[in-house]
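# Commentary on secondary and tertiary structure
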Amino acid sequence: MTTLPDAKLFIDGKLCDATGGRTFDVISPWTGKPVGKAADATAEDVDAAIAAARKAFDTTDWSTNVEKRVALVKKYRELFEKNRARLGELAMHEAGAAQGAVNRAHVDMALDGWDDYMAVFDKVEWETDYGEKEAFGAIHKRVGLREAVGVVGAITPWNVPLYVNIGKVVAALLAGCTVILKPAPDTPGMGAIFGELAKEAGFPDGVINVVFGSDPALAGEMLVQDPRVDLISFTGSTGVGKRIMEQGAPTLKRVFLELGGKSAKIVLDDAPNFAMDVGMTILVFHAGQGCAVQSRLLVPKSRYEEAKAILKGAYGQFGDNWGDVDNPEHIMGPVVSKRQMERVKGYIDLGKEEGATLLVGGNIRPDKGGGYFVEPTCFVDVTNDMRIAQEEIFGPVLVVIPYEDDEDAIRIANESSYGLSGGVSGSHDRAMNIARRVRTGSMSVNNGMCIAGDIPFGGFKASGMGREWGVEGIEEYTDVKIVAWPVGQAEPA
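What you are looking at is a predicted structure, and each value in this text was computed from that prediction instead of being measured. (Residues numbered from 1 in each chain as written. Predicted model: local features only at pLDDT ≥ 70, side-chain atom pairs only at ≥ 80, totals over all residues. Heavy atoms only, no water.)

## A look at the domain arrangement of the protein
Accessible area lost when the parts come together is the quantity often used to give the size of an interface. Basically, it comes down to this: Note that the domain bounds reflect an automated or database-derived domain assignment. We call two residues in contact whenever any of their non-hydrogen atoms come within 4.5 Å of each other. When two components associate, each loses some accessible surface as probed by a 1.4 Å sphere; the sum of these losses over both components is called the buried area.
Domain boundaries assigned for the protein yield domain 1 (9–259 + 463–482) and domain 2 (264–445). When each unit is reduced to the centre of its C-alpha atoms, the spacing between domain 1 and domain 2 is 31 Å. Counting residues at the interface gives 27 residues for domain 1, matched by 31 residues for domain 2. Carbon and sulfur atoms supply 59% of the area buried between domain 1 and domain 2, which totals about 2,200 Å² over both sides.

Following this line, the structure appears as structure tokens:
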């Protein structure tokens, strides 16, 4: 097993150890054993990072020098490209990504998203002409100026860390903000590389800072509560998102929250490729650890038995072809941690208690190695009021729910506190009608691709607020200032 480089903090332009030299072990999901060490940030370290970001925003031209920051972000991107192999190693050995998923979902998609940000940057409307209007006996010219919001605390998860880190850090930098990146303790190396390469690129001191530690709450809560931080950009669980809103309220913190999901895939009875649409829903890619995965499969009662047989065959074909760290064809590895493995197994046990039928899987697999392996699992005979149908499991567990007709499918899809993504397959007009009525941030019709760096992504309801990626993702880190002046009048004496 690869040993990862020590993950160091990056504060005010300097790579550094934590105060007092504290460290914590980085645990490999594949083995359950240490694969590296990371600096364990103290409150003093986090305070220094906030102070550095505040100073850089308030006392330098970073927020106004567009040419300078675009040039540096481009250079930064080139350095990430040169470190592509290392990014893959970090995704594999910190996040537990299987080799067949590393480039596809963890490196290529992330770096492509960075390129999309660069491509849409020129579409951001930095100055808007609101025309002239008469008021109080004078004609006034009005313009809107879009400006950086200030200091950003970017709090990111462990499942696809490079993708989410880029989604937040690059957008904030392009907008002219300064940033404190706080990655999850499971994946500190994928945060530390942002500091290392920022130093190599030559960013001004304090523009980018990276802090992490064994306590997932310490740095995050300091960022949320500190009045020197203007905006919190968070991707993670809905529970933590609510806590961020609560703790940020005293300082009127602006928040962007990309939270959980329990997305529904609706397969209609007239889907042209019914077997393919049902079979491809088996939840195995990256062990189902994605907020936008479609973990509720809705199929018509008239074809329910057929759908179950298709799923049985699809899981059977997938078989035991997963969980080998050395196999480049495997797309599923372990879940990220012992804690997560126990959480997923708890939901599997709960599904049995609730009366759902276990079609396949359901077991922890210690024979795969010393890490955190959960079998691909599918429950059928699920009702939408069961907890396994309502709560985000974040593991390789699919639930299958039958429906009567289109109205019933829409009702079931919408009877969820979440609204992040979803899909529908069937004749186009019928599928589009359903897509318009399901309350969710993105809806794939006949397997259309809704996730890309040049279009916005985010959720409705308990799945969050705000949008990441695309022009909207950059604008999330800005405020609008209105400037007006009388036209054709001399200044008063």
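There is more to say after this.
## A short note on the layout of surface pockets
For clarity, the cut-off: Residues are called lining when one of their atoms sits within 4 Å of a cavity or pocket point, these points coming from a 1 Å grid over the protein atoms alone, where a cavity is a set in which a 1.4 Å probe fits but cannot get out and a pocket is an open set with protein on both sides within 12 Å along at least five of seven lines. Grid points are joined across faces, edges and corners, and a volume is the space filled by probe spheres set on the points. Each helix is a run of H or I in the DSSP string that is no shorter than four residues. Each strand is a run of E no shorter than two, and both are numbered from the N terminus. Throughout, the ten residues Ala, Val, Leu, Ile, Met, Phe, Trp, Tyr, Cys and Pro are labelled nonpolar, Asp, Glu, Lys and Arg are labelled charged, and all others, Gly among them, are labelled polar.
What the second largest pocket holds in volume is close to 160 Å³. Every residue lining the second largest pocket is listed: Phe57, Ser63, Thr64, Val66, Arg69, Trp126, Arg146, Glu147, Ala148 and Ala175. Elements supplying a minimum of two residues to the lining of the second largest pocket: helix 2 (66–82) and strand 6 (138–148). Looking at the lining of the second largest pocket, the element that brings in the most residues is strand 6, giving three residues. In terms of residue class, the lining of the second largest pocket is made up of five nonpolar, two polar and three charged.

## Examining the environment of Gln247
We apply this condition: Each residue gets one of three labels from its accessible area relative to the maximum for its type: buried under 20%, exposed over 50%, partly exposed in between, using a 1.4 Å probe on protein chains only.
Note on placement: Gln247 falls in helix 8 (residues 238–248). A relative accessible area of 16% places Gln247 in the buried class. For the pair Gln247 and Val210, spaced 37 residues apart in the sequence, the C-alpha separation amounts to 21 Å. Those residues in contact with Gln247 that lie beyond four places of it in its chain are Glu221, Val224 and Gln225.

## A look at the UniProt feature "active site" (unreviewed entry) in the protein
Put simply, the rule reads: UniProt positions are given in the numbering used here, feature names are shortened, and annotations may be inferred rather than shown by experiment.
The sites that UniProt annotates as "active site" (unreviewed entry) are Glu258. If you trace the backbone, Glu258 turns up in strand 11 (residues 254–258). The exposure class of Glu258 is buried, given its relative accessible area of 4%.

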